[in-house]
Amino acid sequence: MTNERIHNDEMKVNPSQLDAWDGHYHWHAFTQMAEYEPLVIERAEGVWLFDVHGNRYLDGVSSLWCNLHGHQHPKIKAAIRDQLDRVAHNTSLGMGNSTTTLLAKRLAEITPGNLEHVFFASDGSSAVESALKMAFQYWRQCDTPRPEKTKYLALGNAYHGDTLGSASVGGIARFHAMFSPLLFEVIRLPSPDPRRLPADQPTENAAEYYLSQLEQVLADRHEEIAAMVLEPLVQGAAGMIFHPPGYLAGVRELTRKYDVLLITDEIVTGFGRLGTMFACDQEQVVPDFLCLGKSITGGYLPLSAAITNADIYAAFLGTSASGRSFMHGHTYAGNPLAAAAALATLEILEEEKTLERLAPQCEQLAQILATLSAHPHVAETRQKGMLAAVELTPGEPQSRFPEDQRIGYQVCREALRHEVWLRPLGDVLVIMPPLSTSTEELKFLGDALLQSIDVVTREFAKDQAAVHSQ
Ligand SMILES: Cc1ncc(COP(=O)(O)O)c(C=O)c1O
């Protein structure tokens, strides 16, 4: 019996009671509570989650895109325990912590180019929020101030978090339309989705086409734009939209040419998800701000960071009376327990050569996608490294299931019966398991997904046939 099990037994709460309390007392994020079917996790081991009833589920989306080396990794647990024996938390306002300091130095070493000043926060949204505000303040305090630069440039279908600033630069109506009266105005470019090119544009020109749109906007409005923000290579929450190769490098070139700062949001793509440490590494891009979160602690504790270069940092230096300080911060920013987990996560990446040894898993994932794409209800599959998306269709590749049928959600519900936990983005199924997932476990996930798609789409077809025969 595990310690966790004993703990629960001691509390004498039966599992069904926990489900009921979870459904009542715990208001869950991004969840329609009137329809919520409780799933309460009690413990985890490797890539497996175990619920209070003792059922197991393969953690197919890394506990929402953040677990890297699996659950209960001994090294991460030991690092957190060791830190706990020293200090659990001290503020980062006007003081430091030895573990957090070491992490800041390590991040400066591994992030692209000249990024070296690390501003910690706790969630991805707050890292983006920090970078947006820093970019704004920079233009007021740099050597040749440009206070007219107050606007941001962002992509359609972008997602950068849920605080009002990060939501303003986000572009997914389903998440943020409700709050639009509260959000600030942003200059928006279409998402550079090669599948949405006008009919007269060949796919191989996709990067060029979308970059020419960017250049037009920059040429017209660069004087008022403080920064451009984007998710590099892949727009996650939009449904895993993959940008055309060369787009990111082109964005860097143009933002530099027009004196617009570049904020890359690597909260999802950072720490090896796409097969390289950072997405920016794939196109040798060095942004002005790099935002990190999620996997930074291996998915163990909340931590995020906005990292910038010496030039930008210098604009914030002066006397206390100068008003140049960055007057922004979060109580638990750079928490030492989280920093210890992050350092251990980075050490594991290095010692276990996680990325160098990822090829068999990526290959296995590719094989799963090849099988899935032969299914009549799969319109398209996409993959980069250990991140994949499976787009469902009722028939023709371009057609979509009626939204109210929630087919993506139904497939994921069905997958639970096959011991796999996934969370869809509409009718796009996301596959993003921990990098530690073995090829056998991946195969298990692929088989479960195929069966689940089969069951749910067959049921849908049956219902449709019944409607039409009436
Ligand atoms: C690209 C991106 N940026 C920012 C965020 C926000 O991170 P958090 O939920 O930790 O605030 C997310 C969350 O999914 C994300 O996908």
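Residues numbered from 1 in each chain as written. Predicted model: local features only at pLDDT ≥ 70, side-chain atom pairs only at ≥ 80, totals over all residues.

A. Structural context of the overall build of the chain. What the chain contains, in helices and strands, is 16 helices and 16 strands. Relative to a compact globule of 470 residues, whose C-alpha radius of gyration would be 23 Å, the chain shows 23 Å and is just as compact. Taking the principal axes of its C-alpha atoms as reference, the chain extends roughly 70 × 65 × 45 Å. Split into buried and exposed, the 470 residues of the chain put 43% on the buried side. Long-range contacts, defined as pairs at least 24 residues apart, comprise 71% of the intrachain contacts of the chain with a sequence gap of at least 6. (Helix = DSSP H or I, 4+ residues; strand = E, 2+ residues; numbered from the N terminus. Rg over C-alpha atoms; globule rule 2.2 N^0.38 Å. Buried ≥ 20, exposed ≤ 12 C-beta atoms within 10 Å, placed from the backbone. Contact = placed C-beta atoms within 7 Å.)

B. Structural context of the packing of helix H14 (residues 359-373) against helix H16 (residues 439-469). Here H14 crosses H16 at 15 degrees, and the two axes come no closer than 9 Å. Overall, the two elements H14 and H16 adopt an arrangement that is roughly parallel. The crossing of H14 and H16 is right-handed. Of the residues in H16, those in contact with Pro360, Gln361, Gln364, Leu365, Ile368, Thr371 and Leu372 of H14 are Thr439, Leu442, Lys443, Gly446, Leu449 and Leu450. (Axes fitted to C-alpha atoms, helices over the stretch in contact; angles between N-to-C directions. Parallel < 35°, antiparallel > 145°, perpendicular 65-115°, else oblique. Left-handed = near helix turned anticlockwise from the far one by under 90°.)

C. Molecular detail of the pairing of strand S10 (residues 261-265). The buried fraction of S10 amounts to five of the five residues, a majority that puts the element mostly inside the structure. Residues of S10 alternate between two faces, with Leu261, Ile263 and Asp265 on one and Leu262 and Thr264 on the opposite face, all of them buried. Pairing between strand S7 (residues 225-230) and S10: four bridges, direction parallel. Of the residues in S10, the one forming a bridge with Ala227 is Leu261. Bridge count for S10 against strand S11 (residues 289-292) is three bridges, and the pairing is parallel. Among the inter-strand pairings, Ile263 is bridged to a residue of S11, identified as Phe289. (Pairing = 2+ DSSP bridges.)

D. The arrangement of the environment of Cys142 in detail. Among the secondary structure elements, Cys142 is positioned in the loop between helix H6 (124-141) and strand S5 (151-155). The class of Cys142 is partly exposed, set by 15 C-beta atoms lying within 10 Å. In this structure, the C-alpha to C-alpha distance between Cys142 and Tyr313, residues 171 residues apart in sequence, is 9.6 Å.

E. Structural detail: the packing of helix H5 (residues 98-110) against helix H13 (residues 336-351). It is the contact of H5 with H13, at a shortest axis distance of 8 Å, that shows an interaxial angle of 40 degrees. When the axis of H5 is compared with that of H13, the two are oblique. Seen from above, H5 lies across H13 with left-handed handedness. Facing Thr99, Thr100, Leu102, Leu103 and Arg106 of H5, the residues of H13 in contact are Pro336, Ala339, Ala340, Ala342, Leu343 and Leu346.

F. Main features of the domain arrangement of the chain. Per the domain assignment, the segments making up the chain are domain 1 (39-68 + 355-469) and domain 2 (76-351). In this complex, domain 1 contributes 21 residues to the contact, which on the side of domain 2 involves 20 residues. Where the side of domain 1 that touches domain 2 is concerned, the elements lending two or more residues are helix H3 (62-65), strand S13 (378-384), strand S14 (387-392) and strand S16 (428-431). The element best represented in the side of domain 1 that touches domain 2 is H3, accounting for three residues. (Domains from an automatic or database assignment.)

G. The arrangement of the sheet that holds strand S15 (residues 420-421) in detail. Taken together, four strands build an open sheet; the order of strands is S1-S2-S3-S15 and the sheet is mixed. For this open sheet the edge positions go to strand S1 (41-45) and S15, each flanked by a neighbour on one side alone. As paired elements, S1 and strand S2 (residues 48-51) share four bridges and run antiparallel to each other. Directly across from Ala44, in S2, lies its bridge partner Leu49.

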